[in-house]
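Structural description and commentary
Read off the chains here:
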Amino acid sequence: MESAVQSRLQSVQFGEAQTYKNITVLPLIAPADGRFQYCTLGEALGTWGVAITEVSAAGSVPDLMVVNRGNKPVLLIDGEELAGAKQNRVLNTSILIKEISETRIPVSCTEQGRWSYASRAFAESGNVMAHKARARKTRSVHESLQAFGVHKSDQGEVWDEVAELQRKACCMSPTSAMSDVYKARDEDLKKCDEIFKSVANQIGFVAFIGGKPAGLDMVSLTSAYARLHPKLVRSYALEALIEVPPSTPGGKGKGKAAPESAPGTPHSELARAFLAEIAAAEERQFASVGHGTDYRYRSKSGPSTPTPRPSTICGTALVHENEVIHAAFFRLDDPEQPAHMASYRNRRRRYE
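To start, this report covers the structure provided alongside it.

So, how was this worked out
- Positions within a chain are numbered from 1, following the residues in the order the chain's sequence is written.
- Predicted model: local features are reported for residues with pLDDT of at least 70 only, side-chain atom pairs are reported and counted for 80 or more only, and whole-chain, interface and lining totals are derived from all residues.
- The side-chain quantities take in all heavy atoms of the structure and omit both hydrogens and water.
- For two strands to be treated as a pair, DSSP must find no fewer than two bridges joining them.
- Labels follow the DSSP assignment, with helices taken as runs of H or I lasting at least four residues and strands as runs of E lasting at least two, numbered in each case from the N terminus.
- Axes here refer to lines fitted to C-alpha atoms; in helices the fit is confined to the stretch in contact. Angles between the N-to-C directions go from 0 to 180 degrees.
- Side-chain rings of Phe, Tyr and Trp, where Trp is taken by its six-membered ring, are said to pair if the distance between their centres is within 6.5 Å; with planes under 30 degrees apart they count as stacked, over 60 as edge-to-face, and otherwise as tilted.
- Partly exposed describes any residue whose relative accessible area lies between the buried limit of under 20% and the exposed limit of over 50%, with all areas from a 1.4 Å probe on protein chains only and scaled to the type maximum.
- By this rule, a helix spans an expected 1.5 Å times one less than how many residues it contains.
- Note that bend, as reported per residue, equals the angle between axes fitted to the 7 residues terminating at that residue and the 7 residues originating from it.
- The contact definition used throughout considers only heavy atoms, calling two residues in contact when any of these lie within 4.5 Å.
- Polar contacts, as used here, are pairs of N or O atoms within 3.5 Å; protein pairs need one atom able to donate a hydrogen and one able to accept it. Residues neighboring in sequence count only if both atoms are side-chain atoms.
- Here the nonpolar core consists of buried residues drawn from Ala, Val, Leu, Ile, Met, Phe, Trp, Tyr and Cys, with membership extended through side-chain atoms lying within 4.5 Å.
- Any angle that is under 35 degrees is reported as roughly parallel, and any over 145 degrees as roughly antiparallel; angles of 65 to 115 degrees are reported as roughly perpendicular and all others as oblique.
- Each crossing gets its handedness from the near helix: less than a right angle anticlockwise from the far helix is left-handed, clockwise is right-handed.
- We define a salt bridge as a side-chain nitrogen of Lys or Arg found within 4 Å of a carboxyl oxygen belonging to Asp or Glu.

1. As for the sheet that holds strand 9 (residues 89–91)
- Strand order in the open sheet formed by 6 strands is 5-6-11-9-8-12, with antiparallel pairing between adjacent strands. Strands at the two margins of the open sheet, each flanked by one partner only, are strand 5 (50–54) and strand 12 (122–128). This sheet shows a mean twist of 40 degrees between the axes of neighbouring strands, independent of strand direction.
- Note: strand 8 (residues 80–84) against strand 12, 4 bridges, orientation antiparallel. Bridge assignment links Leu 82 to a residue of strand 12, and that residue is Glu 124.

2. Some thoughts on the packing of aromatic side chains
- On inspection of all chains with the given rule, the structure shows 2 aromatic pairs.
- Aromatic pair Phe 205 and Tyr 236: ring centres 5.6 Å apart, planes at 80 degrees, arrangement edge-to-face. Of this pair, Phe 205 sits in strand 13 (residues 202–209) while Tyr 236 is found in helix 7 (residues 222–242), placing the two residues 31 residues apart along the sequence. The residues Phe 205 and Tyr 236 share a single accessibility class, namely buried.

3. So, helix 7
- Its 21 residues place the ends of helix 7 30 Å apart at the C-alpha level, agreeing with the 30 Å of an ideal helix rising 1.5 Å per residue.
- At Leu 228, helix 7 is deflected by roughly 50 degrees, the largest bend along its length, and proline Pro 230 occurs up to four residues later in sequence.
- Most of helix 7 sits inside the fold, with 16 of its 21 residues counted as buried.

4. Side note on the sheet that holds strand 4 (residues 39–40)
- An order of 4-7-10 is seen for the 3 strands of this open sheet, with the pairing classed as mixed. The sheet is open, and its two edges are formed by strand 4 and strand 10 (95–97), each paired on a single side.

5. Observations concerning the environment of Val 67
- By secondary structure assignment, the location of Val 67 is in strand 6 (residues 63–68).
- Put simply, Val 67 and Gly 49 are 18 residues apart on the chain and 8.3 Å apart in space, counted from C-alpha to C-alpha.
- Discounting residues that sit within four places of it in the chain, Val 67 has contacts with Gly 49, Val 50, Ala 51, Ser 101 and Glu 102.

6. A closer look at the pairing of strand 17 (residues 312–320)
- Along strand 17, 9 of the 9 residues are buried, which leaves the element largely enclosed by surrounding structure.
- Side-chain alternation along strand 17 places Thr 312, Cys 314, Thr 316, Leu 318 and His 320 on one buried face and Ile 313, Gly 315, Ala 317 and Val 319 on a second face that is also buried.
- As paired strands, strand 16 (residues 293–298) and strand 17 are joined by 6 bridges and run antiparallel to one another. Counted as the bridge partner of Arg 296 is Thr 316 from strand 17.
- Where strand 17 meets strand 18 (residues 323–332), 9 bridges bridge the pair, whose relative direction is antiparallel.

7. Observations regarding the side chain of Arg 114
- Within the fold, Arg 114 resides in the loop between strand 11 (101–109) and strand 12.
- Separated by 2.6 Å, the side chain of Arg 114 and the backbone oxygen of Ala 85 make a polar contact.
- The contact partners of Arg 114, leaving out residues within four places of it in the chain, are Gly 84, Ala 85, Lys 86, Gln 87, Asn 88 and Thr 175.

8. Focus: the nonpolar core
- With 48 residues, the main nonpolar core has Tyr 38, Leu 75, Phe 205 and Leu 238 as its most contacted residues.
- The element that contributes the greatest number of residues to this core is helix 7, accounting for 11 residues.
- Those residues in contact with Leu 75, other than ones at most four positions away along the chain, are Tyr 38, Cys 39, Thr 40, Leu 41, Glu 80, Ile 95, Leu 96, Val 219, Leu 318 and Ile 325.
- With 26 residues, the next largest nonpolar core counts Val 12, Leu 270, Tyr 295 and Ala 317 among its residues.

9. Examining the packing of helix 4 (residues 155–169) against helix 7
- Packing of helix 4 against helix 7 leaves a shortest axis separation of 9 Å and a crossing angle of 50 degrees. Put simply, helix 4 runs oblique to helix 7. For helix 4 against helix 7, the interelement crossing comes out left-handed. Residue-level contacts link Leu 165, Lys 168 and Ala 169 of helix 4 to Leu 238, Glu 239 and Ile 242 of helix 7.

10. What to know about the pattern of salt bridges
- Applying the stated criterion to the full structure yields 26 salt bridges.
- Notably, a salt bridge pairs Arg 35 with Glu 323, separated by 3.7 Å at the nearest N-O pair. In this pair, Arg 35 is assigned in the loop between strand 3 (23–29) and strand 4 and Glu 323 in strand 18, connecting sequence segments 288 residues apart.
- Residue Glu 323 is classed as buried on the basis of its relative accessible area, which comes to 8%.

In structure tokens:
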């Protein structure tokens, strides 16, 4: 594992676990703040220092254009949703947009039923892609980088994931928009906002659903993390709350909550085991779209690995000037690519 990523994972401390229904958030506390400075998307859009638009009047589903007029880099995180223009999109990878630059960025569509202008430029939707869909998108982008050297997702799989999210939430959207599911569950999510507050010196968290580690997000700056915290937590809480069985107080979903993986085991101990799995993952590195290097991770496989694997790890880390600007790791319960990934090359050409 790249030394900067490994050092960051080893250095984090754990805060006090916060729990609501079947989701627990374990804060990651930084021993020291990052040195490299940047703006978040919300900050940059709020000052009009950045404009995000379609690449042309006709548009292109897998690409957008970012114009940064400012003298500071801007961090766009993997899975962050942009609303407006011809259809809502999410980032395929974390990007540190360079100062005074124009950058074409890779994205995926999260609103299949619209291809008409709602606005000329994009705004911050306030959402990050629901974590299971984001995990599978991370996996497909990894496959695209290995096969073609580009940050493309399996757009068909993304649409399938959004449709499944709507089905589980009993929320049909006229344009098949992921954001409509967030709106439908806003009351529950506001409760999560009240319970899962960021704490001093927090740079990220490990999320547990049904007692099992589901994923991890962390950034280099505590100030940036504080701005990203609510929507990152919501990306896990949305699916967790949908899966709460009706017998659970306040539960509305039809799915079943996952059983506790180890009753009575401290969340910090489970988190350390999760970090150890991450540290053992296979690492590849690729050129980033902006500043830095894009590191990609997935569980190692080999002759000693049981088949089929019960779960696997996938993840990504953006490293610049020896700092982990943003990292996200996920546990996938379906370690193999779906059957429809066999047609990935053909489907990828269709959306370009």
